[in-house]
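Report on the structure
Listed here are the chains, written in short residue letters.
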Amino acid sequence: MARKKGDVKSDKKTTKRNQQSAISNQQSLVGIIMGSQSDWDTMKNASDTLTQFGVAHECKVISAHRSPSLASEFASTAEKKGFEVIIGAAGGAAHLAGVLAAHTTLPVLGVPMRSEALNGLDSLLSTVQMPGGIPVATLAIGKPGAVNAALFAVAILANSRPELREKLHRFREAQEAKIRATVLT
Ligand code: RP5
């Protein structure tokens, strides 16, 4: 049958939809937890990056200070539910990632949100300066941190999943090819 002009586009759309529903039917391996709805614009970048790698994940708003029992309940049951990595994002001094890490031995990656008062310095220091004994691996403030937290989660999962390791190699190659092809005009 002859292809219509719009076929490729709609094929791509169908493939993306199928990939997404395949991902959403799988066991979530990564939990992306953020302190507020206001963090979503930034943390969507972590979710999009995991989707790009085909990693099943869940995104939830759980606040360490506004819903402390929900935070402890999520983190203390995450391992049993099959999560392998938790990303915790918060702004100000809330330090959601540290609270989550206190309740689980799963790796917790902290993403400091850009705050209004101190531009994220408060979020960064409260997340990165965990006292010894309960680690939180802290990424950069804002969008780069959100993307890198997802890439770090993929790298952790790739230790036991060769197909993910392969995808990471291809991702790095594509980044390098883009730099090599850059021509300044
Ligand atoms: C933190 O407080 C959240 O993670 C957010 O970054 C910050 C501000 O929250 P909202 O007042 O916008 O809900 O708990």
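The structure under discussion appears in the preceding block.
Residues numbered from 1 in each chain as written. Predicted model: local features only at pLDDT ≥ 70, side-chain atom pairs only at ≥ 80, totals over all residues. Heavy atoms only, no water.

Considering the site of the ligand
Lining the immediate environment of the ligand, one finds Gly-35, Ser-36, Ser-38, Asp-39, His-65, Arg-66, Ala-90, Gly-91 and Ala-94. A distance of 2.6 Å separates an oxygen atom of the ligand from a polar atom in the side chain of Ser-36. Taking Arg-66, its side chain carries an N or O atom lying 2.8 Å from an oxygen atom of the ligand. Protein burial of the ligand: of its 360 Å² of free accessible surface, 69% is covered by the chains. Its residues assigned to classes, the shell around the ligand comprises 2 nonpolar, 5 polar and 2 charged. (Near = heavy atom within 4 Å. Polar contact = N/O pair within 3.5 Å; in protein donor to acceptor, adjacent residues only side chain to side chain. Areas by Shrake-Rupley, 256 points an atom, 1.4 Å probe, with all protein chains shown as cover. Nonpolar A, V, L, I, M, F, W, Y, C, P; charged D, E, K, R; others polar.)

Quick look at the sheet that holds strand β4 (residues 108-112)
The strand order β2-β1-β3-β4-β5 describes an open sheet built from 5 strands, whose pairing is parallel. Either end of the sheet is taken by a strand with one partner, and the two such strands are β2 (57-61) and β5 (137-138). Where β4 and β5 come together, 2 bridges link them in parallel fashion. Its bridge partner being in β5, Gly-110 is matched across the sheet by Thr-138. The strands touched by helix α2 (residues 40-52) within the sheet are β1 (30-34), β2, β3 (85-90) and β4, with β1 carrying the most contacts at an inclination of about 175°. This element, helix α5 (residues 121-128), spans β3, β4 and β5 of the sheet and lies at about 160° to β4. (Pairing = 2+ DSSP bridges. Helix = DSSP H or I, 4+ residues; strand = E, 2+ residues; numbered from the N terminus. Contact = heavy atoms within 4.5 Å. Axes fitted to C-alpha atoms, helices over the stretch in contact; angles between N-to-C directions.)

Things to note about the pattern of salt bridges
Tallying each qualifying case throughout the model produces 4 salt bridges. In this structure, Asp-48 and Lys-44 form a salt bridge, with 3.5 Å as the shortest nitrogen-oxygen distance. Of this pair, Asp-48 and Lys-44 both sit in helix α2, 4 residues apart, which is roughly one turn of the helix. Given a relative accessible area of 36%, Lys-44 falls into the partly exposed group. The residue Glu-58 makes a salt bridge to Lys-60 at a minimum N-O spacing of 3.5 Å. (Salt bridge = Lys/Arg side-chain N within 4 Å of Asp/Glu carboxyl O. Buried < 20%, exposed > 50% of the residue type's maximum accessible area, 1.4 Å probe, protein only.)

Some remarks on α5
Listed in full, the buried residues belonging to α5 are Asp-122, Ser-123, Ser-126 and Thr-127. Along the long axis of α5, the arc covered by the buried residues comes to 120°, so they all point the same way. (Arc of directions from axis to C-beta.)

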